[in-house]
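Structure assessment
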Amino acid sequence: MKCRKCGQKAAINMRHHKLALCGEHYQEWFVEQTARTIRRYKMFRRDERVLVAVSGGKDSLGLWDVLLRLGYQADGLYIDLGIATRFDYSGQSFEKVEQFVETLWPDAQLHVLDVNALYGATIPEAARISNRGRGKPCSVCGLVKRHEMNRIAHEMGYDVLATGHNLDDEVAVLFSNVLHWQTGYLARQAPVLPASHPGLARKVKPFCRFYERETAAYALLRGIDYIYEECPHAVGSKTIAYKELLAQLEAQSPGAKLQFYLSFLRAKEEGLFAAVQEREEGRLHACERCGQPTSAPGLCAFCRLWDRVAEVKRPPVPTTPL
Ligand code: Q46
Ligand code: ZN
Ligand code: ZN
């Protein structure tokens, strides 16, 4: 297989695009495609500040790299979740992020937030205490990540929050949401999510049209070292099972995932879920303590979580003997 641009040996063949490219031309194509996605969905402008949530994985590091190559004002945010079940997942992920900065972008700005140091418990510990998600820390993890990304972006004056979700991630979520007809989630699933509240950053996913093997190929060809292991809590998750199912579909019909996702976006543009969106937005109000949008009365789930952790971890009040 030869590169369509220069005729050298191809490094990757994308059957769904009927396009084979060598390493150099693939990187060029990948950066250009990202720029097109940013423009097509009006994600952000040159003068806006972008905060990229980096996890140490190929997608988020690749995204940060591409945005810097395109000349955007993009800074990184690493959230240390304190996950060390089976192996030091958080520690190893952070090493990859640090190494990325040191070797490729020594002048880039990286913010680091340590959940345990800030709130007094790691994610698995907070999940155990709160008993949300029945043993799996993922719902607490998602809740904390969302809240903290919003908070940092707001406090540090970023206009946009970018995450490295790729097409496979988006399609697995879409599939799950359709399977359960989660209309509220479907209404909110999009490449660009406008700020749901004044002062909050817009959320964007510039890699939403890339297959996972495309983001992996970019990281490898670009020399980005990333964490290969999944988070130990991802093992056995529904999302992984859906991804396997969808991979079978894609093998039989190349481009099926991209079609599924793009047709969904078109249907949304035509107004599908517009009523749900309106209803959901109407339910939101500001949390009494932190001010972030919530549908719960009074305090949001994040504030309630840490109240519960503090209650359990607070040292017992010494009682005076009678
Ligand atoms: S990091 Fe957190 Fe994921 Fe690990 S605990 Fe679950 S949600 S699986 S993206
Ligand atoms: Zn070439
Ligand atoms: Zn709150």
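Right, let's walk through the structure included here. Quick caveat: nothing in here was measured; it's all calculated off a predicted structure. (Residues numbered from 1 in each chain as written. Chains lettered and ligands numbered in written order. Predicted model: local features only at pLDDT ≥ 70, side-chain atom pairs only at ≥ 80, totals over all residues. Heavy atoms only, no water.)

**Observations concerning the overall build of the chain**
In terms of regular secondary structure, the chain is built from 13 helices and 10 strands. The C-alpha radius of gyration of the chain comes to 21 Å, within 12% of the 20 Å expected for a compact globule of 322 residues. Here the chain, with 322 residues, has 48% of them falling under the buried criterion. Of all intrachain contacts in the chain linking residues separated by at least 6 positions in sequence, the fraction that spans at least 24 positions is 69%. (Helix = DSSP H or I, 4+ residues; strand = E, 2+ residues; numbered from the N terminus. Rg over C-alpha atoms; globule rule 2.2 N^0.38 Å. Buried < 20%, exposed > 50% of the residue type's maximum accessible area, 1.4 Å probe, protein only. Contact = heavy atoms within 4.5 Å.)

**So, the coordination of the zinc ion (ligand 3)**
Taken together, the protein donors to the zinc ion (ligand 3) comprise C287 (SG), C290 (SG), C300 (SG) and C303 (SG), at separations of 2.3 Å. Classification of the site at the zinc ion (ligand 3) rests on its four donor atoms, whose angles at the metal span 105 to 112°, yielding the label tetrahedral. (Donors = N, O, S within 2.8 Å, 3.2 Å for Na, K, Ca; no water. Tetrahedral: all angles 85-135°; square planar, octahedral: opposite > 155°, others 65-115°.)

**Description of the coordination of the zinc ion (ligand 2)**
At the metal site, the zinc ion (ligand 2) is ligated by C3 (SG), C6 (SG), C22 (SG) and H25 (ND1), and these contacts range over 2.1 to 2.3 Å. Bound by four donor atoms, the zinc ion (ligand 2) shows angles of 99 to 114° at the metal and therefore tetrahedral coordination geometry. Positions of the donor residues of the zinc ion (ligand 2), expressed as sequence spacing, correspond to C-x2-C-x15-C-x2-H. Taken together, the residues C3 in the segment before β1 (12-14) and H25 in helix α1 (residues 23-40) connect sequence positions 22 residues apart.

**Quick word on the site of ligand 1**
Ligand 1 sits among I83, C138, C141, K145, C231, H233 and A234. When grouped by side-chain class, the residues that make up the shell around ligand 1 number five nonpolar, one polar and one charged. (Near = heavy atom within 4 Å. Nonpolar A, V, L, I, M, F, W, Y, C, P; charged D, E, K, R; others polar.)

**Considering the pairing of strand β4 (residues 73-80)**
The side chains of a regular strand alternate between both faces of the sheet. The element β4 is extensively covered by neighbouring structure, given that six of its eight residues are classed as buried. Pairing geometry for strand β3 (residues 49-53) and β4, over five bridges, is parallel. The partner of A53 across the bridge, within β4, is L77. Note on the crossover from β3 through helix α2 (residues 58-69) to β4: the handedness is right-handed. Note: β4 against strand β5 (residues 110-114), five bridges, orientation parallel. (Pairing = 2+ DSSP bridges. Right-handed = clockwise from strand over helix to strand, strands pointing away.)

**Some details on the pairing of β3**
Burial runs high along β3: four of the five residues are buried. Looking at chain direction, β3 and strand β6 (residues 160-162) are connected through three bridges and run parallel. Note that in β6 the partner of V50 across the bridge is V160.

**What to know about unusual backbone geometry**
With phi around 45°, W181 is a residue other than glycine that occupies positive phi space. By secondary structure assignment, the location of W181 is in the loop between α7 (167-179) and α8 (183-188). Positive phi, close to 75°, is recorded for F273, a residue that is not glycine. For F273, the position within the fold is in the loop between α11 (256-269) and α12 (274-283).

**A word on the packing of aromatic side chains**
Scanning the model with the defined rule gives 17 aromatic pairs in all. Relative to Y89, the ring of F87 has its centre 6.1 Å away and its plane inclined at 90°; by these criteria the two rings are edge-to-face. Under the relative-accessibility criterion, Y89 is labelled buried at 14%. Here the basic side chain of R46 rests over the ring of Y72, its NZ or CZ set 4.2 Å away from the ring centre. The ring of Y158 has R49 sitting right over it, with the charged end atom 4.0 Å from the ring centre. (Phe/Tyr/Trp six-rings, centres within 6.5 Å; stacked < 30°, edge-to-face > 60°. Lys NZ or Arg CZ within 6 Å of the ring centre and 35° of its normal.)

**Considerations on α11**
With 14 residues, α11 ought to run about 20 Å at 1.5 Å a step, and its terminal C-alpha atoms sit 20 Å apart, in line with that. Regarding α11, the residues found buried are A256, K257, L258, Y261, L262, F264, L265 and K268. Contacts made by the buried residues of α11 are with α7, α8 and α10 (238-252). Of the residues trailing α11, G271 is marked for its positive phi of about 110°. (Expected span 1.5 Å × (residues − 1).)

**Here's the deal with the sheet that holds β6**
Strand order across the open sheet formed by six strands is β5-β4-β3-β6-β8-β7, with mixed pairing between neighbours. Because the sheet does not close on itself, it has two edges, and the strands there are β5 and β7 (192-193). Sheet strands in contact with α2 are β3, β4, β5 and β6, and its direction is about 160° off that of β3. In the packing of helix α6 (residues 138-155) onto the sheet, contacts are made with β3, β4, β5, β6 and β8 (202-204), and the angle to β4 comes to roughly 140°. (Axes fitted to C-alpha atoms, helices over the stretch in contact; angles between N-to-C directions.)

**Thoughts on the nonpolar core**
Within the largest apolar cluster, 60 residues are counted, with the highest numbers of intra-cluster contacts made by Y26, F44, W64 and L67. Aside from chain neighbours lying at most four places away, what touches L67 is I38, F44, V50, V52, Y72 and A74. L51, L77, A301 and W306 belong to the second largest nonpolar core, which has 35 residues in total. (Core = buried A, V, L, I, M, F, W, Y, C linked by side-chain atoms within 4.5 Å.)

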